[in-house]
Structures are given as C-alpha cells and as structure tokens.
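Single-letter residue listing:
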Amino acid sequence: MSYDGVGPRAVMRSVAFLTAGALAVPLLTGCGSEDETSKPLAGQDIAPAARAQVTQGGTLRWAVDTVPETFNTFQSDADATTTRVAQAVLPSLYRIDENGRAQRNPAYLESAKVVDSEPKQVVLYKLNQQAVWSDGREIGAADFAAQWRALSGKDSAYWTARNAGYDRIEKIERGENDLEVRVTFARPYSDWQSLFSPLYPKQVMGTPDSFNDGARRKLKVTAGPFVVKKVDRKNEQVRLARNPRWWGRPAKLSEIVLTAVPREKRAAALAAGKLDLAEIDPAAAQRIDSASVAKGAAGPRSVASGSSGAAEKKADDKPGKADTADKTDTADTSLAGFEVRRSLEPAYTQLALNGADGPLADERVRRAVARALDRTELAALVLKPLGLPAVPVGSHLALSGQEAYADGSGALGGQDTAEAQALLADAGWVAGGPIKEETGEKAAGSEGEKSKDKKSDEKKEEKEEKKEKDKNEKDKNEEDKNKDGDGTYIVGQDGKAPGETTGGKDLAQDGKQQLTHPHQGGAPGAYAPKGTAAPAGAAAGALAKNGKALSLRFVLPSGPGSESLRQVATRISRMLGKVGIRTETVKVADDSYFKDHVASGSYDLALYSWPASAFPATDARPIYAKPQPAADGSLNVEQNYTRVGTDQVDQLFDQAISTLDEGEERDLIRKADTRIWAAAGSIPLYQRPQLTAARKNLANAGAFGFQTPVYEDMGFLEKGAKPAAHPSGK
C-alpha cells in the first residue's frame, strides 16, 4: 500500500480539493510567474513511437494492485484499477494531456462549448457520428440524462460516492438532431468539462438497481477501443480484448491482461516472464538498471544519483540462504530485457498538521512547524537518488505544468529557524519552563505501538529513533530501500473513498467526526514581528507552556513498504527539534493508518498524498473546506482531515466554481492557494516519483505522468524499429 495521496480520477471527483480561509495576512497573491505553468517538472516516459512502427497484435501483461470490487467509478469502493479499465472501455469526452490539462477527445466529441450564459448556462455537445456502444446503439442524450439523474444527489436510492457538478444541472435534452446534447445548468459551473468522463450507458445508470449492482462485477455494454472479455477473480485477472465495433484508430494490441501482483513480488514476476509492464519500487528499479549494465546495454535512462545498491545487497545477503546470490544473478539476467521508465506522478506528498486541538490548534505553532522545514532538502531526499527533479511543490491545488499552478508558498515563507522560534515564543512556548508530569496521555489510536508500561516503551522508542536517525545520517540518499515510491498513502488508492470507514456506508461526503474542540484557537494574524528574538536556549531545550512540554505525535505506517516515508519523517523530526519542537513517533498498522488515524483525526502530524486535478475548483474544495458543526454535535470535515479552514477560502472556491471566465477562475484558485499556505494546515513537500518497468520493445506505455493513457496506440515495436528519443534527452 502506498501512503501518499488520493487516487486518480475516480476518487478525484469525490474529493473536494480546495478550501482553507483567506487569512489576515498581507500580500496574499500568487507568488509564481506565468512561466511556472509552462511544463511539468518531468516529462512522461513512455517510449513514444509512431503507429506504423508498432506491430499489429500481441498481448500486454500489465500489473495492477487489485481486481476491482466494482467497475463503476462513481461508487465508494472504486479504485485505481476501476479507473484503468474505464479508460480503456468507456467514453471519456475529455482526456488529460501531458501537461495535466483537459483536452477534447475527438473519438467521441466533435465539439463542446458554452452557447448561452444568460439567463442560464447552456453547454452544447456535438457527438462523433460514428460513436456507438458495443451493442450497436448510438451514444446519445438518453445516456447523458441517465447519468445526470443517477449522480444528481436527488435520489438516495443510488449509492453514489460523489455528485459534484451533476447537482448543478437543471435539465438535459436532445439538440437539433440525435448527435447533439444540450445541458442546461441551474447554477453556473466552470468545471463543466469534468462531467461525463467516463460516460456509462443508460443500461447501467437508468435505475438504482442497475447502478448499484449492474456494473460491479461486469460491464456488458462499453464503447472504447477495448471491451471487458473476462474477469477471473480466482487468478486475479481482468482480460480486455480489442473492440470489433470501435470506430477510431484500431487498437494495436489484441488483448491487455491486467493481473493483480503485490508490489514486492513484481520484480520476480518480471524476471519470470509473467509481466510486460509494472509500476515498481526503487529497489526493483535498481535491479533492472544493474541488469541492463551487466548485459552490456547503454544503461538506465536516468541513473539514480547517490544510489549505492544497499537495498539490493540487503535483500540478497540474508543469512541461512547460501544460494540467494546465485538466484538473484539469474533473476537480474532475466531482467535485462526491461528498462525503467521514470516520471513524476500527478500527486504530491504533504505534511498534515491536525489543527483540531492541542498545540497545533494555534496557527502560530503550525506556522512555526512550517518555517522549520527545509522542503528542498526533503524533496531531494526522495527524488534525487531516483534521477528525478528535486523541486518542492509550490501549490496545494495544482502541479507544475497545469494552468492553475503558481508557487504560493511565499504567503507562509521559507525555512527560517529564528522566525520559527519567534512564532513559538509569541504563542507562549518558552524554554526552561516547569513541566508537570501527566498521566493517562491520549494515545494516537488503538493500533498505536504503545505498551502499558509507558516508561519502558518510551525508552525503547527513543533507542529505535536514535538508531534510525544515525542510519539516516550515514546515508541521506538511501532511497533504493523504498517500497512503492516514497511509501506514502495516496487517498483513494486502497479502494476506499476518502473518509470511508467500515461497511461501505460512510461515504466521503459524510465526513462526520465527534466535535470535541469546535474552536481552532490562536488569534488570526497574531504573529511575532519579523526579527523578534527567540528565548535563549530554545533550540537546545524543550519548550513548555502552562507546565506542559511541546511534543507532537507523529503517526506513521509501520509496514515494509513505508521505509521512505519514515525516513522523511525522521528528517522532519530532526528539523523540528532544532526549533525546540519534540516529536513522538507512533507507528501503526498499514491497514489502520488512514482510516483509524488520519481520517478520524487521531494524530498531530502525518504524511500522505493528494492527487492533482485538472479541475481544482471542484475536486479540491472538500479537502480544504472549513469544517462545520452538525446538528448532532459531530463535525463535518468532508475530506479536510487537518480540520483547518477559513470562510475566505470557501468563498474563493465558490467564486471559482461559478465563473465562466477561465482567467478569472485561475486567479481565484491561486488566491485560494496562498490563503491555504498561510493557514498552515498542510505543507506540500514533493511530487511523488513514478517508476515503471517496461519491456524494452513496448511502445507508448510506461510512466505516463499526467496524461491519460492512449490504449489504442500501445503495442510492441516492429523488428528493427526504435522509439523516439527520451523526453529528457538522457
């Protein structure tokens, strides 16, 4: 499991991605230049080739995390594989390009535009006249209307995970002919291009029963370059076959077989010849790079600077297994037919600060935490060893390359130890104060690794932290030990909607938590003047206030796939220690980390990721919306797991989602981001690495970056054909 952010489109539509209030902070304007949106930090790496160079036929064996529980992307348990299947077999009116921007898909849509804005917004879709479902029926207004009714939120019999955008539609009707669809909105909606992607047939969306159950285990009617041929749950495979009714460019591959393979077993499956394409961890990438060099190939596309092979050595040199090295050598020889394709995922890792109660309820303390961090150092820790750009993320709402991106971090300020100490002093945390012994300290959750003998457990944990810290000092760039990129949780990629707990009924929109501390604390704008002297010895001694030491619970997953995440946490703890903030590391089981700790608010500090969206005004709002008390005494946080938000940010999102001026929407999103930075509820750190092992003769597939895969162009190169040069020029 990857602990770093939200899953792609399926979950994105359910995740309100932007909200946190406009604070009383001067000069809260976008700090980035227009040039910053020109291109992504890393281009996609898919071995692009012209279709004429790709052979006709063949089967692509592609590793996935799961065989999905549902093929309906609008249900709460949809996951990344649900999205992958939908992309290959269902209509998407818009696809995301390599810069993370929505582009019209001509296979389904000849044109789409706003034809009226007064008195109401009207969008006219003109469909491709050849577009038909696999049963031969034309795609038309009836399919659009059925999906709108199912997702509008007006009928609770539909078990939907989200309705963003569809709830603003007033009516859908046929245009002048069967190829035209007119959509009238009751309220203006700037992100109208996010709708109807994917589009399901009316047979799925037409009734609550068909919506709830009709597309969970099968998809009978589709309209993409591929169809779902077979779902083999026993062997954990989904087999996609070329669609004979497809009207677009014919798919090059005959079949795509999606096979569920755990991340830690993918290198072995590749070596055994069972896979052609798989996302991998840095240790597997190291093995493949080494195999290419040993075979006399040109070497990896991008060599991980500072990698030492330590992870490989650790995996191979296990006592009691004398033949391990020989087996590894054989496996590595088998891996010589693969290469590692590298890019950055459209998702970023953040440090979340729980502002519901405790010291972090004071905005000054949150800002002090942020000012203590060297985000460039943290990005380099994860990305530099992988040969990827080590540039910290500058926005909560977009990534470099996207239209809305601008570096808004200036609203909070960069790393500054003195300023962090001054903020803490202003908040009343001083060095050398008396500390009262407390009993019955609140644990980070039932799964926390805390013994009943608190003193014994603390000593044990101190030893473990010291051991890990010493190890980190010895080799800061030991990233080849990582499992699954940086090991961070991506919200939604575990097959659960953000905020879902148990039973499948607690959907993301519910987001209800017990309201124990309705007030955030800390006077807005009450910051220490720049240059205020910190109390003497603050960096060396513990800080205290009202007899209580300043200590934050840093909750982390304990599984083997999260080494990198814990390494980042160790570095963060060291940075906080320099300004007098102590951290207590609490490691919990992977399967309870997000559900029982992050979503429930049982943490002070946590690391996880959110995905970027081409439609941040829609997708980001629930993540940053100001929590609201409910009538039953609970707190509705939606997906704002930091519990930090403001009315001003909510207002900026409301304005952004309601304007039809693209430039105005972009400016409003950037303003919202600067205020989110100033509130310091979450600190973006780095864009997640994307490492994909691909057979060397596989074209138009690999590390896709932002772009929606073009399934019909994937295939194996003709004999003697070569792909285009690597986008980075390496």
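Owing to the predicted nature of the structure, the values given are computational and were not obtained by experimental measurement.

Engineer: Can you explain the overall build of the protein chain? Please cite residues and give values.
Structural biologist: Secondary structure assignment for the protein chain yields 19 helices and 26 strands. Across the 730 residues that make up the protein chain, the buried fraction comes to 57%. Partitioning the contacts of the protein chain with sequence separation of at least 6, the portion at a separation of at least 24 is 79%. On the protein chain, roughly 29,000 Å² of surface is accessible, and the fraction owed to carbon and sulfur atoms is 49%.

Engineer: Which residues make up the pattern of salt bridges, and what are the values?
Structural biologist: Summed over the entire model, instances satisfying the criterion amount to 26 salt bridges. For the salt bridge of Glu 69 with Arg 217, the shortest nitrogen-to-oxygen distance reads 3.2 Å. Taken together, the residues span a long stretch of sequence, with Glu 69 in the loop between β2 (59-64) and α2 (80-89) and Arg 217 in the loop between α5 (208-214) and β9 (226-232) at a distance of 148 residues. Look at Glu 69 and you get partly exposed, because its relative accessible area is 38%. A salt bridge links Asp 416 to Arg 371, with the nearest nitrogen and oxygen atoms 3.9 Å apart. With Asp 416 in the loop between α11 (375-383) and α12 (417-426) and Arg 371 in helix α10 (residues 363-372), the pair connects residues that are 45 residues apart, well separated along the chain. Connected through shared salt-bridge partners, Asp 65, Arg 263, Arg 266 and Glu 279 make up one network.

Engineer: Which residues make up the sheet that holds strand β14 (residues 430-431), and what values go with them?
Structural biologist: What links the strands of a sheet is backbone hydrogen bonding, and the strands pair in either a parallel or an antiparallel sense. In space, the 3 strands of this open sheet follow the order β14-β17-β18, with antiparallel pairing throughout. In the strand order of this sheet, the two ends are held by β14 and β18 (548-549), each with one partner.

Engineer: Provide a residue-level description of the packing of aromatic side chains, including the pertinent values.
Structural biologist: The final tally for this structure, using the stated rule, is 19 aromatic pairs. A centroid spacing of 6.1 Å and a plane angle of 75° characterise the contact between Tyr 608 and Trp 610, whose relative ring orientation is edge-to-face. Summarising the burial analysis for this pair, Tyr 608 and Trp 610 share the class buried. What makes Trp 610 buried here is its relative accessible area of 1%.

Engineer: Could you give me a rundown of the pairing of strand β11 (residues 255-260), with the residues and numbers involved?
Structural biologist: By the criterion of burial, β11 is predominantly enclosed, with 6 of the 6 residues buried. Neither face of β11 is left uncovered, since the one carrying Glu 255, Val 257 and Thr 259 and the one carrying Ile 256, Leu 258 and Ala 260 both have all their residues buried. For strand β10 (residues 237-242) and β11, the ladder comprises 5 bridges, and the chain directions are antiparallel. Counterpart to Ala 241 in the pairing with β11 is Glu 255.

Engineer: Kindly report on unusual backbone geometry, identifying the contributing residues and their values.
Structural biologist: Cis rather than trans, the peptide bond between Glu 118 and Pro 119 has omega equal to 0°. Inspection of the secondary structure puts Pro 119 in the loop between β5 (109-116) and β6 (122-127). Residue Pro 198 follows Ser 197 across a cis peptide bond; omega there is 5°. Here Ala 47, not a glycine, exhibits a phi torsion of approximately 50°, which is positive. For Ala 47, the location among the structural elements is in the loop between α1 (9-12) and β2.

About the thresholds
- Residues numbered from 1 in each chain as written.
- Predicted model: local features only at pLDDT ≥ 70, side-chain atom pairs only at ≥ 80, totals over all residues.
- Heavy atoms only, no water.
- Helix = DSSP H or I, 4+ residues; strand = E, 2+ residues; numbered from the N terminus.
- Buried < 20%, exposed > 50% of the residue type's maximum accessible area, 1.4 Å probe, protein only.
- Contact = heavy atoms within 4.5 Å.
- Areas by Shrake-Rupley, 256 points an atom, 1.4 Å probe, with all protein chains shown as cover.
- Salt bridge = Lys/Arg side-chain N within 4 Å of Asp/Glu carboxyl O.
- Pairing = 2+ DSSP bridges.
- Phe/Tyr/Trp six-rings, centres within 6.5 Å; stacked < 30°, edge-to-face > 60°.

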